[in-house]
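# Results of the structural survey
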Amino acid sequence: MNKYLRSQFVYSTYGKPVLIAGKLSIAANAAVSSNTLGSLVSTAARTGAGEYTITLSDTYNAAQSVDYQLLAATAVDLVPQIKSIDVVTAKTIVIRLLAGATATDPSAVCSLYLNIVLNASSV
Amino acid sequence: MTMQRYTRSQFLGSTIGQPVLIAGKVALTAPVAAVLVDQGITYTAVALGSSGNSITIEYTDGAVAGSEVVTVVGNAISVQIDDGVSSITNIVTAVNLSVPAALLVTASGAGVTGVNLIAVTPLAGGDNGIGSNNFGELISSVARSGVGEYTLTLSDKYYQEQYVGFKLLAATAVDLIPQVKSISVSSAKTIVVNMLAGATPTDILADTSLVMDAVLNLSTIR
């Protein structure tokens, strides 16, 4: 295990950085079938055509970064794009899957990976 | 060296049991087809990349010029010619008309010059276009695994992936988007990513870097 123990700390200028990383498993009917985001996310659901809303369990001072990646066993012409982020009050992050500029449901099973860095401090 | 501005927080809060971060990039160049040039005939592998280096060409005697016979066994192409009489055009035509040979190579060249026998000779110069990477020892290899497809192999197994993301770094803008094809961190230890033009995996044409950031979990806790 030595190669994993070189650094136990994360240096940053964020007061209290919080990492949420996981995936939404999306079924062929475009609904979210499960997620691995953990307990810091209360719900993850389809909220419109090609649109997915992640609702956090808690509020944060800021979202420092929200990154995403689509996994599809058969290549699909869909690109994720963030629609909105409100971690201060609504506690939501909304992501759309776009075909061109049109939010579009995936037609086959796929996964949407998310990597979210939040700041739980005003620092 | 002062580290003060980095040390406001020393721990990253998360619910991931044992998060492991792998971040870095691999330099990519356009894959190159293997080639053999001999006596005015150029054989170019159909498939880009180093796989073409395993294709061989051989000329044997016994045919009548204009009725060359092409035989393919695996990646070995043998052309029975009329030694010194069969022309460049004769051989190019025969190879390109052979369905199994045309799956492996494209022959080009023209002329009436007689061609002599050659022993088994491999094509060469096929290159997958994989340059150096700075992922570190947690990634054991990066390989081109198909048209517009790259496979990263992890050194170790993990309980699960929390996040795997790719971006392209291209000095000249390119209309390609990385999309993950598959992830198996608990058994095969592979991450496969496609470069998509629309929904079509497509090879890069210019120097590019593929940037990855991944958060893996060594623990069953998440």
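What comes next is a walk through the structure. (Residues numbered from 1 in each chain as written. Chains lettered and ligands numbered in written order. Predicted model: local features only at pLDDT ≥ 70, side-chain atom pairs only at ≥ 80, totals over all residues. Heavy atoms only, no water.)

## Comments concerning the interface of chain B and chain A
Tallying the contact residues gives 42 residues for chain B and 42 residues for chain A. Counting the surface lost from both chain B and chain A, the interface buries some 3,300 Å², and carbon and sulfur atoms represent 56% of this. For the interface between chain B and chain A, the tally reads 2 salt bridges. Ionic pairing is found between glutamate 161 of chain B and lysine 23 of chain A, a salt bridge with its closest N-O pair at 3.6 Å. Across the chain B-chain A interface, the total number found is 14 residue pairs in polar contact (both at pLDDT 80 or more). The set of elements that each furnish at least two residues to the side of chain B that touches chain A consists of strand 12 (160-169), strand 13 (177-184) and strand 16 (208-217) of chain B. For the side of chain B that touches chain A, the leading source of residues is strand 12 of chain B, giving 8 residues. Of the residues assigned to the side of chain B that touches chain A, the class counts are 20 nonpolar, 13 polar and 9 charged. (Contact = heavy atoms within 4.5 Å. Buried area = accessible area lost by both parts, 1.4 Å probe. Salt bridge = Lys/Arg side-chain N within 4 Å of Asp/Glu carboxyl O. Polar contact = N/O pair within 3.5 Å; in protein donor to acceptor, adjacent residues only side chain to side chain. Helix = DSSP H or I, 4+ residues; strand = E, 2+ residues; numbered from the N terminus. Nonpolar A, V, L, I, M, F, W, Y, C, P; charged D, E, K, R; others polar.)

## What to know about the pairing of strand 5 (residues 69-73) of chain B
Residue and element names in this part refer to chain B. Note: strand 5 against strand 6 (residues 76-81), 5 bridges, orientation antiparallel. Note on strand 6: the bridge partner recorded for valine 69 is glutamine 80. Between the antiparallel neighbours strand 5 and strand 6 lie 2 residues, among them glycine 74 with a positive phi of about 65°. (Pairing = 2+ DSSP bridges.)

## Observations concerning the pattern of salt bridges
Residue and element names in this part refer to chain A. According to the stated counting rule, one finds 6 salt bridges over all chains in the structure shown. Aspartate 105 serves as the salt-bridge partner of arginine 46, at 2.7 Å between the closest nitrogen and oxygen. On the criterion of sequence distance, the pair formed by arginine 46 in strand 3 (residues 41-48) and aspartate 105 in the loop between strand 8 (102-103) and strand 9 (110-119) is long-range, its members being 59 residues apart. Take arginine 46: its relative accessible area is 36%, and that puts it in the partly exposed class. Here aspartate 105 falls in the partly exposed class, since its relative accessible area comes to 27%. (Buried < 20%, exposed > 50% of the residue type's maximum accessible area, 1.4 Å probe, protein only.)

## Topic: the side chain of serine 87 of chain B
Secondary-structure assignment places serine 87 of chain B in the loop between strand 6 and helix 1 (88-97). Other than its neighbours up to four places away in sequence, serine 87 of chain B contacts Gly111, Val112, Thr113 and Val115 of chain B.

No statement about biological role is implied by the geometric values presented.
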